[in-house]
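Structural characterization, general
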Amino acid sequence: MIVIGIIIAAFIYVLPTFKPALWPHKKINLGLDLQGGMHLVLEVDTQKAVEGTVERIAQELKDQVKKEHIRNIIIDRIEGTKISVIIRDPDKVAEFDKLLDKDFKDLRILSRSNDGENLVIAMNLPDKRTDQIKKMATDQALETIRNRIDQFGVSEPDIRRQGEKRLLIQLPGIKDTKRAKELIGKTAQLEFKLVDETHDLDAALKGNLPPDSQILYQVKEDPLTRRTSETPFLIKKRSLLSGAYLTDARVQIDSQYNEPYVGIDFNRKGARIFERITAANVKKRLAIVLDNKVYSAPVIQEKISGGSARITGNFSAEEARDLAIVLRAGALPAPVNIIEERTVGPSLGSDSINKGLMSMCIGGILVVLFMIIYYKTSGLIADFALILNILLIAGGLAGFQATLTLPGIAGVILTIGMAVDANVLIFERIREELGLGKTPRAAVDAGYGRATLTILDANVTTLIAALVLFQFGTGPVKGFAVTLSLGVIASLFTALVLTRAIFDYLLINRKTKTLSI
Amino acid sequence: MQFIKSDININFIGKRKIAFIVSSVMILISIASLIIHGGPRYGIDFAGGTLIQVKFLNPTAIDDIKSGLATIGLKKSSIQTFGASDDNEYLIRTDKSLMTDKELSEEVFQALKFSTKNDLEIRRIEMVGPQVGKDLREKALFAMFFSLLFITIYISGRFEFKWILSGVMAGALMGAVYFLSLFHVSIPFLIGAALIVTLILFWFLQLKYAMGAIVALIHDVSITVGIFSICGKEFTLPIIAALLTIIGYSLNDTIIVFDRIRENLRKKQKNPLQTIINSSINETLSRTVLTSLTTLAVVVCLFTMGGGIIHDFAFAMIIGILVGTYSSIYVASPILIAWQVQKKQK
């Protein structure tokens, strides 16, 4: 009864894969190597997230110092994640310390030394805090990328964290890999910064850079010749407003030039800031900077209230759409790098399935024929078990929602070869017992009895290897481990329970004197 | 039908010295090949780099592909045909892991289309960064080591009822390996040392079945790796999967022989160990050969028809099955005798 129940269950699970209409259960998942798609591993540059936080704190510190009118103090971010403070006026030390104690308790003081007249303080963030920032950066990157992919519209994407700062992304069936990568990999750090018009750009390009400014480029690509040109801008380092205040971003078409642009809306706080900075800087140029590239730098004509702005920049419709998606989904807390990429075209995938199934069928037929020739009726029983075995593996794959990969198909094929092993062991044993002059009934009993332990021992070791492989493997290799484990378990079941039941049935009902083995 | 008669009695044990020499020579050749080739030839999974599989519509000269790649700065890439020759498929491999924003596949597509004047399709791109490659290499070694260790615990437990002894030993070894790996000790060196320590421990703790099994496994894996190295084939993730499967498979064979030895030891206690082992091998010979044949048959199907991607995997399995069958007869069981000889001398 149990036997029949298990077979029916397996059958039900497999059914949807072949006739989806009949049974509304889930199909067997195909791996990326079989259906085509893209597998990416990203590494989040968490160090950059720490640097960003430190930069923000340094900026805040500068603001506070200015607000409290503490003069003669130089504050800078050095060596990536440290803040250095140089106080030139000894009278101001007490005031500064008070400020530090009040608003910047987070900072850890690394050193405090007198350099002549000056007091030099170096500070950074405690390790616990940096670890937290790093962890949050990865979590946030995962969320943001998931958001972006959801909005982009990929069916059944798989996005998960891998280790400390890596993200594994699987996008089945994706065709435009270039677009997908740009969408995922873009930091999308949107900033509004003033163009530095008090200093000379040419002098700055020659290396005479004002301390509060930086050179950023506007990159333009000619759609016909595909050549890019870069225009330098001298931009103030200080960011006035960032993408964090966005509520919406969408593609709109400019009615005058018929060109797409991205319209953005700020939340209330953002709108207030935007209004303030536009009011304070009329007739100056405000640069819209995305990931340290200047998109446009229009002159502010008048105070802008209402909290809307537009980003223009010779976009194609697709580029505008993707930019809107990344702005809506938010910026990545730190840049990400693609450290592993595997892309399989759909045609290769279907080739692989066909070839895999082909060799599976031929291999299977060879084994089935051999068993019948070698063991006659008993061979037929073993073949029946073998076919059920494959059904069970398929049912297991569908039931556990495991993924079938090309190595996975190889695993099934291998199991076909090895599954008969258990039966061969039993049959050889039965033959031996028959050779000793036992009756068929006794020989079958003794054969199964003796062989059971051996079969268990032999299969457990294969299972151990398969489980280790499962732990270690990624993607396709994991698929192999899954089918191999399922195969081992299924063959244990078919050999020890199923064929045994068939033999028992045959031998009890007719008082057989001979056994076809 | 019967290939091997039930009263067969081949003197396997008597020929163990010859087998020993054959095995040693094969292992030495494997090691020599590895040394000559400067270690195993890693595929991009382990070495890092980029692999591009392209399919042309019409036959294409490799030189045209080369000149096309040279125009986009991939002059140093290696190109080899893939699958059957009338498929017009090629594998292009470069050491560089191209992680820039530049869209490589499009660049390659344009460059090759221009240089070969032939329509093509980019079927697969795999890029692995150097750090990932190194991580995977270490993970693969750990996987091999741990599966060996777990299997030996199981064998000593099942065959000699030394669960605790072998468990403690394996636990200590694992701890030591883990601890040392924190100190940036070279992982291959560490695993090699751990294996040697394992073997020595087995010898002194008299875990003879486990010792026999593990020697056979190391024998199988090293010969398979050696043949791969001689054939100039690359090590990729699926090959590691194949090696682990070979471990499982070869052990399967070994255990079945061991099991019979254990049974016969109980039944015929008077007979000398040599005779018992020999008759056990003979009694299970029919099964050993049959199973190897059926498994070999399907793997050969996979090798010839499974397509290029699975080709090397199937190749490794074929070698593994052949060597594994041989080793369970000629390597694992004679190790048991080595103990007896040792005892007599004392």
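Cut-off values and rules
- Chains are numbered independently. Their residues run from 1 in the order of the written sequence.
- Note on labels: chains are lettered from A, ligands numbered from 1, in written order.
- Predicted model: local features are reported for residues with pLDDT of at least 70 only, side-chain atom pairs are reported and counted for 80 or more only, and whole-chain, interface and lining totals are derived from all residues.
- Helix and strand definitions follow DSSP, with helices as H or I runs of at least four residues and strands as E runs of at least two, each counted in order from the N terminus.
- Every C-beta atom is placed from the backbone, and the number of other C-beta atoms within 10 Å of a residue's own sets its class: buried at 20 or more, exposed at 12 or fewer, partly exposed in between.
- Any pair of residues counts as being in contact when their C-beta atoms, constructed from backbone geometry, are within 7 Å of one another.
- Multiplying one less than the number of residues by 1.5 Å gives the expected span of a helix.
- What marks off one domain from the next here is an automatic or database domain assignment.
- Values of pLDDT, ranging from 0 to 100, describe the predictor's confidence in every residue of the model.
- Two strands form a pair only when DSSP identifies at least two bridges running between them.
- For helices, the fitted axis covers only the stretch in contact; all axes are lines through C-alpha atoms, and the angles between them, taken along N-to-C directions, range from 0 to 180 degrees.

What to know about the overall build of chain B
Secondary structure assignment for chain B yields eleven helices and four strands. Each of the three principal axes of chain B carries a C-alpha extent, and together these read 80 × 55 × 30 Å. In chain B, buried positions account for 49% of the 346 residues. Put simply, of all contacts in chain B between residues at least 6 apart along the chain, 77% involve residues at least 24 apart.

Some remarks on helix α9 (residues 317–329) of chain A
Residue and element names in this part refer to chain A. The terminal C-alpha atoms of α9, which comprises 13 residues, lie 18 Å apart, in line with the 18 Å expected from a rise of 1.5 Å per residue. Within α9, burial applies to Ala320, Asp322, Leu323, Ala324, Ile325, Val326, Leu327 and Ala329. Of the surrounding elements, those touching the buried residues of α9 are α5 (127–152), α6 (177–185), β9 (190–194), β13 (246–253) and β14 (260–266).

What about the domain arrangement of chain B?
You can read the domains of chain B as domain 1 (13–43 + 132–345) and domain 2 (49–128). With centres defined by C-alpha atoms, the gap from domain 1 of chain B to domain 2 of chain B works out at 39 Å.

Focus: the confidence of the model for chain A
The predicted coordinates ought not to be read in detail in places where the model reports low pLDDT. In this model, chain A carries an average pLDDT of 84, and 94% of its residues clear a pLDDT of 70 or more. Mean pLDDT across the secondary structure elements of chain A bottoms out at helix α1 (residues 2–18) of chain A, with 69, and peaks at strand β8 (residues 166–172) of chain A, with 91.

Brief notes about the sheet that holds β13 of chain A
All names here are of chain A. The strand order β13-β14-β17 describes an open sheet built from three strands, whose pairing is antiparallel. Unpaired on one side and paired on the other, β13 and β17 (308–311) mark the two borders of the sheet. In this sheet, adjacent strand axes meet at a mean angle of 25° when their direction is disregarded. Pairing of β13 with β14 involves seven bridges; the strand directions are antiparallel. Note on β14: the bridge partner recorded for Leu246 is Phe266.

Structural notes on the sheet that holds β8 of chain A
If you walk across this open sheet you meet the eight strands as β7(A)-β8(A)-β2(A)-β18(A)-β4(B)-β1(B)-β3(B)-β2(B), and the pairing is antiparallel. Two strands in the sheet have a free side with no partner beyond their single neighbour: β7 (158–162) of chain A together with β2 (78–82) of chain B. Within the sheet, the average angular offset between the axes of one strand and its neighbour, ignoring direction, is 20°. Pairing of β2 of chain B with strand β3 (residues 89–94) of chain B involves five bridges; the strand directions are antiparallel. Each residue of the ladder has a partner; that of Ser78 of chain B, found in β3 of chain B, is Arg93 of chain B. Contacting β2 (37–44), β8 and β18 (336–344) of chain A, α6 of chain A crosses the sheet at an angle of about 155° to β18 of chain A. Those strands touched by helix α4 (residues 104–116) of chain B are β1 (49–56) and β4 (120–128) of chain B, and its axis lies near 140° from that of β4 of chain B.

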